[in-house]
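# Structural description and commentary
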Amino acid sequence: LPCFLSPLPLFLLLWQAGKVTAVPDESTKVCVEPDIHNERAETPSSIKKYRKSFNQDPGIRVVHHGVADDEKKDHLLHGVTTADGERVGEVIAPSKGIPEIIAYLKEKKEAEYASNVREPLGKTYSRGHRLPEKTANPNFAYGKSSGEVDPVREIIYPPGSDDGSTTHGMYVKSHGNYNPGEQRSRDYRWDNANIDPKNHRFGMVDQAPLPNGVAKALNPEKDEEKPASSSIVSKKVEDFKRVKNDELGKSKRYGYEDIGADDRVFGMPTRKFDDEWGAKECMTGAYGEGEQDPDADLGKSLKAGWRNDTTTDRRFGCPSIREDIPPPRFKSVADNQNYGGEAQAAELLYPSSHAATGVHENDFLVFRSKEEIFGVFTASGAADGKSEEEMEKAWEMASSVRPDGQVSLDIYRRALFEIELQSSC
């Protein structure tokens, strides 16, 4: 039928262009996921023996690739089979398991050797000595009895009434053991020269003695009169230090000589034109004074309905110290407001020495009566060692500080300290 008379749609009546190819196992899905749809190809057996994974499998015997293709014989044994000979036990103990007559004949032959005669098995070495018959007695002992001797303690520390001078003289002569500070005596005859070795001094007295001479000789820097001496060092060492060490404020030296003045600049300038921008202009810009002025709406609200405030001293927000409301008589633990009576940051960082006991610094500035101040100083131990006259004198001095005569703990403490200074001078 003509196209316009066919009941089917027009696109079903048209022939499709191109050629349909259907290759098995080469679809898009197989190409994108090859590990899932395709099996991994194994290594050929001719190449597999050269790979490390060939000998790394569990339970596989390590075989060299040169003999990997050889015929495997599990029953193959290397070496030469030897015939049964003499056992080790028979060689070590030949008499075991042989007739007694043969052992006797063998022992008789062994007795002819000189080593067997001198040193028989199980006996001491025989040197051919013939000892007297009394040495055969088990209680026989060599040597001669010395009889009764002095104990070792008395030999080392002999008893006696010696005061120690004789013993000390023996140790001085044998070991040179002098006591600390003892003058060494060589038994010179000083009486012939009218010299007392305990008081006589040899040598010549220096008319202009040099104090601390030994100390200055060991450390010449302590001698203030000695001129500074020049230290001669190797030029190679100094040149090495100049190159190795870095000098503060100077560039590192690499052994080159100076090439001109200090203001010389190496390299090529980055600016080719005078009006070219640099790093400063790129960071801050090159705006005029009018462009750098603040915006006209800076500090003003841009939200409609919030521009009716014309005062300049108005402060928004809630103050940290609530002085605008009266503090309560008894503050609750749940009240976190600060009414001005709490410690400042400096007091929190550096608290007073009495903060641990609950005493505030303002307590020392409160005016108190004479009995209360005397009671505080007596109970705290600050008045220990002070007489009543000194405490009364300190009270008179403290009452004269203020015109109204009121006294605090701080004023009385200063007055009492002044009394202590006057008594110690």
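Residues numbered from 1 in each chain as written. Predicted model: local features only at pLDDT ≥ 70, side-chain atom pairs only at ≥ 80, totals over all residues. Heavy atoms only, no water.

### Considering the overall build of the protein
The test is simple: Helical segments are the DSSP runs of H or I of at least four residues, strand segments are the runs of E of at least two, and each set is numbered from the N terminus. Partly exposed describes any residue whose relative accessible area lies between the buried limit of under 20% and the exposed limit of over 50%, with all areas from a 1.4 Å probe on protein chains only and scaled to the type maximum. Contacts are assigned to residue pairs that have any heavy atoms within 4.5 Å of one another. Areas reported as accessible are Shrake-Rupley estimates using a 1.4 Å probe. Residue values count occlusion only from the protein chains shown.
Secondary structure assignment for the protein yields 16 helices and two strands. The proportion of buried residues among the 425 residues of the protein is 6%. Looking at the protein alone, contacts between residues at least 24 apart form 26% of all its contacts between residues at least 6 apart. Counting every atom, the protein has about 41700 Å² of accessible surface; 54% of that belongs to carbon and sulfur.

### Details of the layout of surface pockets
Applicable threshold: Points on a 1 Å grid over protein atoms alone make up a cavity when a 1.4 Å probe fits among them but cannot get out, and a pocket when they form an open set with protein on both sides within 12 Å along at least five of seven lines; lining residues each have an atom within 4 Å of a point. Grid points are joined across faces, edges and corners, and a volume is the space filled by probe spheres set on the points. Gly is placed with the polar residues, together with every amino acid not listed as nonpolar (Ala, Val, Leu, Ile, Met, Phe, Trp, Tyr, Cys and Pro) or charged (Asp, Glu, Lys and Arg).
Its volume calculated, the largest pocket comes out at about 590 Å³. Taken together, 16 residues make up the lining of the largest pocket; nearest its centre are Arg-61, Val-63, Val-67, Lys-72 and Lys-73. Of the residues belonging to the lining of the largest pocket, the class tally is six nonpolar, one polar and nine charged.

### Notes on the packing of helix H14 (residues 370-380) against helix H15 (residues 388-399)
Selection rule: Each axis is a line fitted through C-alpha atoms, and for a helix only the stretch in contact is used; angles between axes span 0 to 180 degrees, taken between their N-to-C directions. When an angle is under 35 degrees it counts as roughly parallel; over 145 it counts as roughly antiparallel; between 65 and 115 it counts as roughly perpendicular; any other value is oblique. Helix crossings fall into two classes, left-handed where the near helix is turned counterclockwise from the far one by less than a right angle and right-handed where it is turned clockwise.
Interhelical geometry of H14 versus H15 gives an angle of 130 degrees and a closest axis separation of 12 Å. Comparing their axes, H15 and H14 come out oblique. Once H14 is placed against H15, the crossing between them reads as right-handed. For the pair H14 and H15, the contacting residues are Lys-370, Ile-373 and Phe-374 in the first and Met-391, Glu-392 and Trp-395 in the second. A breakdown of the residues in the contact of H14 with H15 according to their chemical character gives four nonpolar, no polar and two charged.

### Looking at unusual backbone geometry
Backbone geometry at Asn-194 places phi at a positive 55 degrees, although glycine is not the residue there. When you line up the elements, Asn-194 lands in the loop between helix H8 (165-175) and helix H9 (213-218).

### A look at the nonpolar core
The test is simple: By convention a nonpolar core is built from buried Ala, Val, Leu, Ile, Met, Phe, Trp, Tyr and Cys residues, the set being connected through side-chain atoms within 4.5 Å.
The biggest cluster of nonpolar side chains holds 15 residues, and the ones touching the most others in it are Ile-373, Phe-377, Val-407 and Tyr-412. If you list the elements that add at least two residues to this core, you get H14, H15 and helix H16 (409-424). The biggest single contributor to this core is H16, with six residues. In this view, Phe-377 contacts Ala-382, Ala-383, Leu-409, Tyr-412, Arg-413 and Leu-416; residues no more than four positions away in its chain are not counted.

### Here we look at the pattern of salt bridges
Basically, it comes down to this: One side-chain nitrogen of Lys or Arg within 4 Å of one carboxyl oxygen of Asp or Glu is enough to make a salt bridge.
In this structure the tally under the stated criterion is ten salt bridges. Notably, a salt bridge pairs Lys-235 with Asp-239, separated by 2.8 Å at the nearest N-O pair. With Lys-235 and Asp-239 both in helix H10 (residues 235-244) and four residues apart, this pair spans about one turn of that helix. By relative accessible area, Asp-239 is classed as partly exposed at 30%. A salt bridge links Lys-250 to Glu-247, with the shortest nitrogen-to-oxygen separation between them at 3.5 Å. Accessibility expressed as a relative area gives 54% for Lys-250, which makes it exposed. A network of salt bridges, in which partner residues are shared, links Asp-410, Arg-413 and Arg-414.

### Comments concerning the packing of H15 against H16
Orientation of H15 relative to H16, taken along the N-to-C sense of each, is 120 degrees, at an axis distance of 8 Å. Judged by the angle between their axes, H15 and H16 are oblique. Seen from above, H15 lies across H16 with right-handed handedness. Across from Glu-390, Met-391, Lys-393, Ala-394, Trp-395, Met-397 and Ala-398 in H15, the residues of H16 making contact are Ile-411, Tyr-412, Ala-415, Leu-416, Glu-418, Ile-419 and Gln-422. For the contact of H15 with H16, the residue count by class is ten nonpolar, one polar and three charged.

### Observations regarding a nonpolar patch on the surface
This is how the line gets drawn: Residues forming no salt bridge and having over 30% relative accessible area are the ones grouped into patches, like charges within 9 Å of each other and nonpolar side chains (Val, Leu, Ile, Met, Phe, Trp, Tyr) within 5 Å.
On the surface, Ile-101, Ile-102, Tyr-104 and Leu-105 cluster together into a nonpolar patch covering about 420 Å² of accessible area. When you line up the elements, Ile-102 lands in helix H5 (residues 100-110).

### Side note on the confidence of the model for the protein
Our working definition: The quantity known as pLDDT measures the predictor's confidence residue by residue, on a range of 0 to 100.
On average, residues of the protein carry a pLDDT of 79, and 85% of them reach 70 or more. Residue range residues 1-5 is modelled with pLDDT below 50. Its contacts to residues more than four positions away, or to other chains, number one contact.

### So, the packing of aromatic side chains
How we decide: Geometry of aromatic contacts follows a simple scheme: Phe, Tyr and Trp rings, the Trp one being its six-membered ring, pair when their centres are within 6.5 Å, and the pair is stacked under 30 degrees between planes, edge-to-face over 60, tilted otherwise.
In this structure the tally under the stated criterion is seven aromatic pairs. For the pair Tyr-188 and Trp-190, a centre-to-centre distance of 5.6 Å together with 75 degrees between the ring planes defines the contact as edge-to-face. Arranged with centres 6.1 Å apart and planes meeting at 50 degrees, the rings of Trp-190 and Phe-202 form a pair that is tilted. With Trp-190 in the loop between H8 and H9 and Phe-202 in the loop between H8 and H9, the pair connects residues that are twelve residues apart, well separated along the chain. Residue classification places Trp-190 among the partly exposed residues on the basis of a relative accessible area of 27%. Linked through ring pairs, Phe-374, Phe-377, Trp-395 and Tyr-412 together constitute an aromatic cluster.

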